[in-house]
Amino acid sequence: MGRCSVVVAEDHPAVADQLRQLLAHDFEVRAVVADGQALVDAVRELSPDVVVTDISMPKMDGIDAARMLLRAN
């Protein structure tokens, strides 16, 4: 069995890079995106096992993105 896959949403580049590096030890990081709409699009395209999201992001915040993903899945 392979590693669990993850999509990360974080709008601060330095924090996003740190999260990617940290998670890459144990997860297959499929994408790192910078806003809620990009998160929704990435999850629809990549079907990760896990989503790690910031709450406050441009275009759509992490909470609204999570709600949209939960309704769709």
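Our subject in this report is the structure included herewith. None of these values were measured; they are calculated from a predicted model. (Residues numbered from 1 in each chain as written. Predicted model: local features only at pLDDT ≥ 70, side-chain atom pairs only at ≥ 80, totals over all residues. Heavy atoms only, no water.)

**Examining the overall build of the protein chain**
Using the following cut-off: Every helix listed is a DSSP run of H or I at least four residues long, and every strand listed is a run of E at least two residues long, numbered separately from the N terminus. Partly exposed residues are those whose accessible area sits between 20% and 50% of the maximum for their type, while under 20% is buried and over 50% is exposed, using a 1.4 Å probe and protein chains only. By definition, residues are in contact when any of their heavy atoms lie within 4.5 Å. Per-residue and other accessible areas follow the Shrake-Rupley method at a 1.4 Å probe size, with only the shown protein chains counted as cover for residues. Lys and Arg are tallied as positive, Asp and Glu as negative. Neither His nor the chain termini are counted. A charged residue contributes its charge at one atom only: NZ of Lys, CZ of Arg, CG of Asp or CD of Glu.
Of the regular secondary structure elements, the protein chain holds 3 helices and 3 strands. Counting helices and strands in the order they occur from the N terminus, the protein chain gives β-α-β-α-β-α. On the principal axes, the C-alpha backbone points of the protein chain span a range of 30 × 30 × 15 Å. Looking at the protein chain as a whole, 32% of its 73 residues qualify as buried. Put simply, 54% of the contacts in the protein chain that link residues at least 6 apart link residues at least 24 apart. Taken as a whole, the protein chain presents about 4,700 Å² of accessible surface, with 54% of it coming from carbon and sulfur. Charge centroids of the protein chain, computed over 7 positive and 12 negative side chains, lie 5 Å from each other.

**As for the packing of helix α2 (residues 36-46) against helix α3 (residues 62-72)**
Inclusion rule: Where helices are involved, their axes are fitted lines through C-alpha atoms of the stretch in contact, as for all axes, and angles between N-to-C directions lie from 0 to 180°. Here roughly perpendicular refers to angles of 65 to 115 degrees, roughly parallel to angles under 35, roughly antiparallel to angles over 145, and oblique to all remaining angles. For any helix crossing, the convention is left-handed if the near helix is rotated counterclockwise from the far helix by under a right angle, and right-handed if that rotation is clockwise. When residues are grouped by polarity, Ala, Val, Leu, Ile, Met, Phe, Trp, Tyr, Cys and Pro land in nonpolar, Asp, Glu, Lys and Arg in charged, and all others, Gly among them, in polar.
Between α2 and α3, the least distance of the axes is 8 Å, while the angle of their chain directions is 25°. Taken as axis vectors, α2 and α3 run roughly parallel relative to one another. Considering the relative orientation of α2 and α3, their crossing is right-handed. Together, G36, L39, V40, V43 and R44 of α2 and A65, M68 and L69 of α3 make up the contact between the two elements. Across the contact of α2 with α3, the residue classes break down as 6 nonpolar, 1 polar and 1 charged.

**Structural notes on the environment of A66**
Mapped onto the elements of the fold, A66 is located in helix α3. Its relative accessible area of 31% is what places A66 among the partly exposed residues.

**Thoughts on the pattern of salt bridges**
Inclusion rule: Should a side-chain nitrogen of Lys or Arg be within 4 Å of a carboxyl oxygen of Asp or Glu, the pair is scored as a salt bridge.
Within the structure shown, the criterion is met by 4 salt bridges. A salt bridge links E28 to R30, with the nearest nitrogen and oxygen atoms 3.3 Å apart. A relative accessible area of 35% means that R30 is categorised as partly exposed. Here R67 makes a salt bridge to D64, at a shortest N to O gap of 3.2 Å. Taken together, the residues R67 and D64, both in helix α3 and 3 residues apart, mark about one turn of the helix. On the accessibility criterion, R67 (47% relative accessible area) is partly exposed.

Remember, this is a structural readout, not a statement about activity or role.
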